[in-house]
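# Summary of the model geometry
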Amino acid sequence: MRQFLVDAFASKPFTGNPACVVEPFDQWPDAAWMQTLAMENNQAETAYLLRTDDPARFGLRWFTPALEIPLCGHATLASAHVLLRELGVKASSLTFDTLSGPLTVRTLEDGQLELNFPANPPVQIATPDGLAEALGAEVVETWVGNYAVAIVKSESVVRGLKPNLAEIERICTEKLERNRGNLMVSALADPDADYHVVSRFFAPGSGIAEDPVTGSAHCIIAPLFADKIGNACLTYFQAYPGRGGALTCEVVGDRVLLRGNAVTVLDGQLRV
């Protein structure tokens, strides 16, 4: 089997968020095997694809090194990139059947890929006791969707965070409904930045200390900041130390369109 390593939400190698993508199967392997390979790969996600009778439609599942997850943006982008640009699938758009329902990806005129994902508008709550201390920064607002969102004062605060991950996981798991122990931290970008919002995503509840670029979390913060700024289409930068990545998000009704690029950095053969 071929396996690809793809940097998603990236315009050049060694930026964005890496994901492993295994070439499509004719039937799903055992889930325990998929989990073991994801652990071996030790990337934020390993994506698995399933062929269907429709050459432009595939099953898609995502595994972190610790567990299967219901939604992953960057590994969906990586999967579409592999199918269209490495394996030669001829289609203007692809449909993926996932635990979060059908997801579509299409190629734009400028070559970017556009993911059509369900929006997950968050609800504002009182900041839980201990969250600011665990984060090491003042929390201006706290919101919760499928992940928690903490808004802080500035871009410099976001970039300088050194949180207590064990406490982040405990607080987000015990005190926040619908949350899996993960936290997106966001702020408005500096006035001279070429993006509107800057974030970091800490995901100890999914077995990941910090994720470089998280598409699913932008399904939460895109509706939030679209309302705050009064613009449905905004640019975002996820400031993972040393790499990070950019994406554009547009809120359209109950969907979020996520746009970005991807780069293949490794094409290998699995001997298993």
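Please read these numbers as outputs of a predicted model, since none were measured by experiment. (Residues numbered from 1 in each chain as written. Predicted model: local features only at pLDDT ≥ 70, side-chain atom pairs only at ≥ 80, totals over all residues. Heavy atoms only, no water.)

### Quick notes on the environment of Thr142
Checked against the element boundaries, Thr142 lands in strand 10 (residues 141-144). Exposure remark for Thr142: the relative accessible area of 1% places this residue in the buried category. Spatially, the C-alpha atoms of Thr142 and Pro122 are 9.5 Å apart, while their sequence positions differ by 20 residues. Not counting residues up to four positions away in its chain, the partners in contact with Thr142 are Val123, Gln124, Ile125, Thr127, Pro128, Leu131 and Val149. Only 2.7 Å separates the side chain of Thr142 from the side chain of Thr127, close enough to count as a polar contact. (Helix = DSSP H or I, 4+ residues; strand = E, 2+ residues; numbered from the N terminus. Buried < 20%, exposed > 50% of the residue type's maximum accessible area, 1.4 Å probe, protein only. Contact = heavy atoms within 4.5 Å. Polar contact = N/O pair within 3.5 Å; in protein donor to acceptor, adjacent residues only side chain to side chain.)

### Here's the deal with the pairing of strand 16 (residues 245-252)
Regular strands show a simple pattern: their side chains alternate between the two faces of the sheet. Sheet analysis places strand 15 (residues 233-238) next to strand 16, joined by six bridges and oriented antiparallel. Within the sheet, the bridge partner assigned to Thr235 lies in strand 16 and is Thr248. Hairpin connection between strand 15 and strand 16: a loop of six residues separates the two successive antiparallel strands, and Gly242 in this loop has a positive phi of roughly 90 degrees. Between strand 16 and strand 17 (residues 255-260), which pair antiparallel one after the other, the connecting turn spans two residues, and Gly253 there sits at a positive phi close to 60 degrees. (Pairing = 2+ DSSP bridges.)

### Here we look at the nonpolar core
Formed by 58 residues in total, the largest nonpolar core has its most connected members in Trp62, Leu94, Phe96 and Tyr236. Among the elements that line this core, the one with the most residues is helix 6 (residues 215-229), at eight residues. Core analysis: the second largest hydrophobic core is formed by 24 residues, Leu131, Val139, Leu183 and Ala189 among them. (Core = buried A, V, L, I, M, F, W, Y, C linked by side-chain atoms within 4.5 Å.)

### Digging into helix 2 (residues 73-86)
Here helix 2 is 14 residues long and its end C-alpha atoms lie 19 Å apart, about the 20 Å a rise of 1.5 Å per residue gives. With twelve of 14 residues buried, helix 2 is to be regarded as a mostly interior element. All of the buried residues along helix 2 are Gly73, His74, Ala75, Thr76, Leu77, Ala78, Ser79, Ala80, His81, Val82, Leu83 and Leu84. Backbone geometry just downstream of helix 2 places Gly88 in the positive-phi region, at approximately 75 degrees. (Expected span 1.5 Å × (residues − 1).)

### A word on the pattern of salt bridges
Taken as a whole, this structure holds 14 salt bridges when the rule is applied. A salt bridge links Asp26 to Arg51; its shortest N-O distance comes to 3.1 Å. Here Arg51 lies in strand 3 (residues 45-51) and Asp26 lies in the loop between strand 2 (17-25) and helix 1 (31-41), a separation of 25 residues in the sequence. Salt-bridge contacts for Lys153 lead to Glu138; the nearest nitrogen and oxygen are separated by 3.1 Å. With a gap of 15 residues between them, Lys153 in the loop between strand 11 (148-151) and helix 4 (155-159) and Glu138 in the loop between helix 3 (131-135) and strand 10 connect regions that are remote in the sequence. (Salt bridge = Lys/Arg side-chain N within 4 Å of Asp/Glu carboxyl O.)

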